[in-house]
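Read off the chains here:
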Amino acid sequence: MNFVNPKEKEESKPGVSFIEQIIIDDIRSGKNNGRIHTRFPPEPNGYLHIGHAKAICLDFGMALKHGGKCNLRFDDTNPTKEDVEYVDSIKEDIHWLGFDWEDREFYASDYFGKLFEFAVSLIKKNLAYVDDQSAEVISTQKGTPSQPGQQSPFRNRPVEENLDLFYRMNEGEFDEGSRVLRAKIDMSSPNMHMRDPIIYRIIKIPHHRTGTKWMVYPMYDFAHGQCDFFEGITHSLCTLEFEVHRPLYDWLVEHLKTSDYKPRQIEFNRLNLTYTMMSKRKLLELVKEGNVSGWDDPRMPTLSGLRRRGYTPESIKKFIELIGYTKVEAINDVSLLEYAIREDLNLRAPRVFGVLNPLKVIITNYPEDKIENVAVINNPEDESMGSREVPFCREVYIEQEDFMETPPPKFFRLAPGNEVRLKGAYIIKCEGFKKNEKTGAVEEVYCTYDPATRSGGHLSEKKVKGTLHWVSAKHSVDAEVRLYDRLFNHEDPSGQKDDDYRKFLNPDSLKILKGCKVEPSLASAGHLDKFQFQRIGYFCVDDDSKPGKLVFNRTVQLKDTWAKMTQSQGQKS
RNA sequence: UGCUCUGUGGUGUAAUUGGCAACACGUCUGACUCUGGAUCAGAAAAGUUCAGGUUCGAGCCCUGACAGAGCAACCA
């Protein structure tokens, strides 16, 4: 035997993302006086989903890690799509994730005045003009990505006339769509966004914050970089699709800045998840069409949905840490998200007994009225969580799938002549069973128990292959259990040529089990309490749950190697 | 047939200033287990899209291909 030096396990460094590297470099070089200031800029037009969580973790996370600040800024430049309802939910979700913007809650609409002034100054510099053409005409004049655009006949309108028209646009003198303000840049630019982009349009729908004060509203491109500038943002982090907007962002900031300071836009890859759809618009459709119960349906990728499903903020942050930030358009596997929540809950969730599909077991040699309280450990991963007493008696329920009349090889559970341990209690042996004559379904199983094998007792060392969870028939509590599965059965429901994602809706994404039996200690469980139903998975108490009418949501299944074995052998039961 | 960006095990990411391609998930073994969970030990799996070039040495630098994505909203 050769003697080898023990492997020196080098601390594998977490590896900073390219964005963090830029931030570190900027701090070192003293750029912006070494200041780090980011922002998270949601549009209040829907609920936050896990893709936003990726951005939130970066925006707030980088600030936190490098001694900077992160603002919350609602990008509310389009009153036709936005609503306060969303503002509140967004704030709640960010806090739930564990981030805080302190007193820096801003709105793009806070800057409407300044933005208007800036637009006026551009007009005065002959860098902006009012265009009277229709959307269609402007669009065709813009050309295509491979063909240059043509100049608008209004492009050389005199400054005074532009000024007059722009003011009158804001006074409501003109109809929506009749006139827009455009930046005068370059109609032949290879970048479509530089072909005299529209920067202001007329909208006469009241704004959720500014009411009817304004009749013209800035476009995203005319707001974002400037707001960053106004707030002193140093690193404006956004997703890859804004890459081509950056020259315009820079152009505008360049005309605004008064010193060396300017914000820098950096783009990273958006989150894509297998079997998941992230488009806000389509999620809204799912809600409106009743394919899900709401934005917080536990199958939704929204933060409110994940929360209700039983995900913890820690697990979501862990997942995001695992996938990283790059410029590659990747599609991440949901199983990694499931791994993250299992990891988290494994350490924190108390173990309990819950039987989803009950099958009655009668222990024929156990006294009729005897009741024993057996002690069961709450969490083998955490001794400090102690143990609890669970009542045991002559009749118990086990899981239907834990009994088979004619078991396949390596079936370690209950079968005629077979012995298993009821966890925390006794070893029992199957002596017989009763079948329903019509359906052939097993209705009752008859067992004997060995009194010497009580858990913890001195003779309890006897080994059996299988250990089953169970509940006392007399003491167990009824519960409804909602089994959730992926909402879509296609690996990439939003990446298909065929845009009708509805085709890929998984018909089995929700299975409601009514007659489940759980141990009595769960009777008083409160909303969002999380448990591991032993041998099954992690569950949390749903919002619909009430005392006497318990409802549990399955967050995620436990890994199940037996299921995998039986599947690969084609022995699905 | 324009511009911009991106190509590293099955998947997602690493690889200090060019120096033996690393980690995680997943997969497969085995050990252990009163959860077929967890844990522990181990294995398979890429030679970095391709072709040239520079160099003692290239995933990294250069050239040229190829592939994918984004961009033509009065959305963000």
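Residues numbered from 1 in each chain as written. Chains lettered and ligands numbered in written order. Predicted model: local features only at pLDDT ≥ 70, side-chain atom pairs only at ≥ 80, totals over all residues. Heavy atoms only, no water.

Student: Quick question: what am I supposed to make of the pattern of salt bridges here?
Tutor: When the charged atoms of two side chains with opposite charge come close together, those side chains can pair. Enumeration over the complete set of coordinates arrives at 47 salt bridges. The residue lysine 65 makes a salt bridge to glutamate 20 at a minimum N-O spacing of 2.7 Å. Of this pair, lysine 65 sits in helix H2 (residues 50–65) while glutamate 20 sits in helix H1 (residues 18–29); the two residues are 45 residues apart in sequence, bridging distant segments of the chain. Exposure remark for lysine 65: the relative accessible area of 53% places this residue in the exposed category. With a shortest N-O distance of 2.8 Å, glutamate 480 and arginine 482 are connected by a salt bridge. Each member of the pair, glutamate 480 as well as arginine 482, carries the same accessibility label: buried. (Salt bridge = Lys/Arg side-chain N within 4 Å of Asp/Glu carboxyl O. Helix = DSSP H or I, 4+ residues; strand = E, 2+ residues; numbered from the N terminus. Buried < 20%, exposed > 50% of the residue type's maximum accessible area, 1.4 Å probe, protein only.)

Student: Explain the protein's contact with RNA strand B here, please?
Tutor: The environment of RNA strand B is made up of 67 residues, and the closest members are Glu329, Arg351, Ser455, Gln532 and Lys564. Sugar and phosphate atoms form 65% of the subset of RNA strand B atoms that lie within 4 Å of the protein. Contacts to RNA strand B include asparagine 78, whose side-chain N or O atom sits 3.3 Å from a sugar or linking oxygen. Glycine 456 places a polar main-chain atom, nitrogen or oxygen, 3.4 Å from a base nitrogen of RNA strand B. Mapped onto the surface near RNA strand B, the elements with two or more residues apiece are helix H5 (135–141), strand S6 (198–202), helix H11 (313–323), helix H12 (334–348) and helix H13 (561–568). Split into classes, the residues belonging to the surface near RNA strand B amount to 24 nonpolar, 22 polar and 21 charged. (Near = heavy atom within 4 Å. Polar contact = N/O pair within 3.5 Å; in protein donor to acceptor, adjacent residues only side chain to side chain. Nonpolar A, V, L, I, M, F, W, Y, C, P; charged D, E, K, R; others polar.)

Student: For this particular structure, what's the right way to read the packing of aromatic side chains?
Tutor: Each aromatic ring pair is summarised here by two numbers: the centre-to-centre distance and the angle between the ring planes. Applying the stated criterion across every chain, the model contains 31 aromatic pairs. Ring centres of phenylalanine 112 and tryptophan 214 lie 6.3 Å apart, and the angle between their planes is 85 degrees; on these two criteria the pair is classed as edge-to-face. Here the residue phenylalanine 112 occupies a position in helix H4 (residues 112–124), and tryptophan 214 occupies one in the loop between S6 and strand S7 (216–218), the gap between them amounting to 102 residues. The class of tryptophan 214 is buried, set by a relative accessible area of 11%. (Phe/Tyr/Trp six-rings, centres within 6.5 Å; stacked < 30°, edge-to-face > 60°.)

Student: Before we go on, may I ask you to explain the environment of glutamate 254 in this structure?
Tutor: Checked against the element boundaries, glutamate 254 lands in helix H8 (residues 246–256). Spatially, the C-alpha atoms of glutamate 254 and valine 420 are 75 Å apart, while their sequence positions differ by 166 residues.

Student: How should the sheet that holds strand S17 (residues 427–435) be read in this particular structure?
Tutor: Either a parallel or an antiparallel arrangement is found when strands of a sheet pair, and the pairing is made through backbone hydrogen bonds. Strands sit in the order S19-S16-S17-S18-S12-S15-S20 across an open sheet of 7 strands; the sheet is mixed. Strand pairing shows two members of the sheet lacking a second neighbour, strand S19 (466–468) and strand S20 (471–472), which therefore form its edges. As defined by bridge partners, S17 adjoins strand S18 (residues 442–450) across 8 bridges and the pair is classed as antiparallel. The residue bridging lysine 429 from the neighbouring strand is threonine 448, located in S18. (Pairing = 2+ DSSP bridges.)

Student: Where do I start with unusual backbone geometry in this structure?
Tutor: One can expect most non-glycine residues to show negative phi and most peptide bonds to be in trans. In this model, asparagine 32 sits at a positive phi of 50 degrees, which is unusual for a non-glycine residue. Position of asparagine 32 relative to the elements: it lies in the loop between H1 and strand S1 (37–40). A relative accessible area of 16% means that asparagine 32 is categorised as buried. Despite not being glycine, lysine 410 shows a phi value in the positive range, around 65 degrees.

Student: For this particular structure, what's the right way to read the pairing of S1?
Tutor: Within a regular beta strand, the side chains point alternately toward one face of the sheet and then the other, so they alternate between its two faces. Side-chain alternation along S1 places His37 and Arg39 on one buried face and Thr38 and Phe40 on a second face that is also buried. Here S1 runs beside strand S2 (residues 69–74); their pairing, made up of 4 bridges, is parallel. Note that in S2 the partner of threonine 38 across the bridge is cysteine 70. You can see the chain leave S1, run along H2 and come back into S2, and the turn it takes is right-handed. (Right-handed = clockwise from strand over helix to strand, strands pointing away.)

Student: Explain the side chain of glutamate 82 here, please?
Tutor: You can see glutamate 82 is positioned in the loop between S2 and helix H3 (84–97). The buried charged residue glutamate 82 lacks any salt bridge partner; its closest oppositely charged side chain belongs to arginine 201, at an N-O distance of 7.0 Å. Of note is the side chain of glutamate 82, whose polar atom sits 3.1 Å from the backbone nitrogen of asparagine 78. (Lys, Arg positive; Asp, Glu negative; His and termini not counted.)

Student: What's the story with the nonpolar core in this structure? I'm lost.
Tutor: Across soluble globular proteins, you tend to see nonpolar side chains buried next to one another. Membership of the largest hydrophobic core comes to 49 residues, with the highest contact counts inside it found for Ile50, Ile94, Ile316 and Phe319. Of all the secondary-structure elements, those providing two or more residues to this core are H1, H2, S2, H3, strand S9 (264–268), helix H10 (303–309), H11 and H12. If you tally residues by element for this core, the top one is H2, at 9 residues. (Core = buried A, V, L, I, M, F, W, Y, C linked by side-chain atoms within 4.5 Å.)

Student: Would you explain the side chain of threonine 276 in this entry?
Tutor: Relative to the helices and strands, threonine 276 resides in the loop between S9 and helix H9 (280–288). Looking at threonine 276, its side chain comes within polar contact range of the main-chain oxygen of threonine 274, at 2.8 Å.

Student: Mind showing me how you'd approach the sheet that holds S2 here?
Tutor: Strand order in the open sheet formed by 3 strands is S1-S2-S3, with parallel pairing between adjacent strands. Since the sheet does not close on itself, it has two edges, and those belong to S1 and strand S3 (105–107), each with one partner. Neighbour-to-neighbour, the strand axes of this sheet turn through a mean angle of 35 degrees, independent of strand direction. Seen against the sheet, H2 touches S1 and S2 and runs at an angle of roughly 160 degrees to S1. (Axes fitted to C-alpha atoms, helices over the stretch in contact; angles between N-to-C directions. Contact = heavy atoms within 4.5 Å.)

Student: Explanation requested: the confidence of the model for chain A in the structure shown.
Tutor: Interpretation of the predicted coordinates at a detailed level should be avoided for regions scoring low in pLDDT. Chain-level pLDDT for chain A is 94 on average; 96% of the residues reach the 70-or-more range. For the stretch residues 1–12, pLDDT sits under 50, and the model shows 0 contacts to residues farther than four places along the chain or on other chains. If you check the scores for this complex, the pTM reads 0.95 and the ipTM reads 0.96. (pLDDT = per-residue confidence, 0-100.)

Student: What exactly am I supposed to notice about the state of the cysteines here?
Tutor: Working definition of a disulfide: a covalent bond connecting the sulfur atoms of two cysteines. Taken as a whole and judged by the stated rule, the model has 0 disulfides. Note on cysteine 540: no disulfide assigned, nearest cysteine sulfur contributed by cysteine 516 at a separation of 14 Å. Taking relative accessible area as the criterion, cysteine 540 reaches 0% and is therefore assigned buried. (Disulfide = S-S within 2.5 Å.)

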